[in-house]
Amino acid sequence: MAPSASRSREPPGWGGAQVPQRSALRDRLGAVGAATACFAAARDYVKERKQFGKPLGAFQLVQEKLARMYTDIASPSSPASSWRGSRRGAR
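Residues numbered from 1 in each chain as written. Predicted model: local features only at pLDDT ≥ 70, side-chain atom pairs only at ≥ 80, totals over all residues. Heavy atoms only, no water.

A few points about the overall build of the protein
In step 1: If you tally the helices and strands in the protein, you get 4 helices and 2 strands.
In step 2: In sequence order, the protein lays out its α and β elements as α-α-β-β-α-α.
In step 3: Going through the 91 residues of the protein one by one, you find that 16% of them count as buried.
In step 4: Looking at the protein alone, contacts between residues at least 24 apart form 48% of all its contacts between residues at least 6 apart.
In step 5: Carbon and sulfur atoms make up 58% of the accessible area of the protein, which amounts to about 6900 Å² in all. (Helix = DSSP H or I, 4+ residues; strand = E, 2+ residues; numbered from the N terminus. Buried < 20%, exposed > 50% of the residue type's maximum accessible area, 1.4 Å probe, protein only. Contact = heavy atoms within 4.5 Å. Areas by Shrake-Rupley, 256 points an atom, 1.4 Å probe, with all protein chains shown as cover.)

Looking at the pattern of salt bridges
In step 1: One pass over the structure, following the stated rule, counts 2 salt bridges.
In step 2: As a salt-bridge pair, Arg 43 and Asp 44 come within 3.4 Å of each other at their nearest N and O atoms.
In step 3: For Asp 44, a relative accessible area of 35% puts it in the partly exposed group. (Salt bridge = Lys/Arg side-chain N within 4 Å of Asp/Glu carboxyl O.)

Some remarks on the nonpolar core
In step 1: Core analysis: the largest hydrophobic core is formed by 6 residues, namely Val 32, Phe 39, Val 46, Val 62, Leu 66 and Ile 73.
In step 2: When contributions to this core are tallied by element, the ones reaching two or more residues are helix 2 (19-48) and helix 3 (60-74).
In step 3: Not counting the four nearest positions on each side in its chain, Leu 66 is found in contact with Phe 39, Ala 42, Arg 43 and Val 46. (Core = buried A, V, L, I, M, F, W, Y, C linked by side-chain atoms within 4.5 Å.)

A closer look at unusual backbone geometry
In step 1: Unusually for a residue other than glycine, Phe 52 sits at a positive phi of about 55 degrees.
In step 2: Tracing the backbone shows Phe 52 in the loop between strand 1 (50-51) and strand 2 (54-55).

What about the side chain of Ser 75?
In step 1: Positionally, Ser 75 belongs in the loop between helix 3 and helix 4 (79-90).
In step 2: On the accessibility criterion, Ser 75 (14% relative accessible area) is buried.
In step 3: Within the structure, Ser 75 has its side chain in polar contact with the backbone oxygen of Asp 72 (distance 3.4 Å). (Polar contact = N/O pair within 3.5 Å; in protein donor to acceptor, adjacent residues only side chain to side chain.)

Read these as layout, nothing more, since geometry by itself doesn't imply function.
Right, dumping it as structure tokens:
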């Protein structure tokens, strides 16, 4: 197989990205994925756990904490977003 043929198999958008950049992207996306899984587990837990006869998620403070957690994950300063922005500026 010719080198140009194997190079064409790179995912779209990878361009000439160096190996450290790819590794950094995988690390950042892994962190975002782990944070998303933690959020989902916490959300499911507060729906089921009861305190004082009500689901834990019915309390305003718990709702705020989950909202902040979700905002931190989805914010433009999240690891995945910062990588996307740095790639746009590099073009």
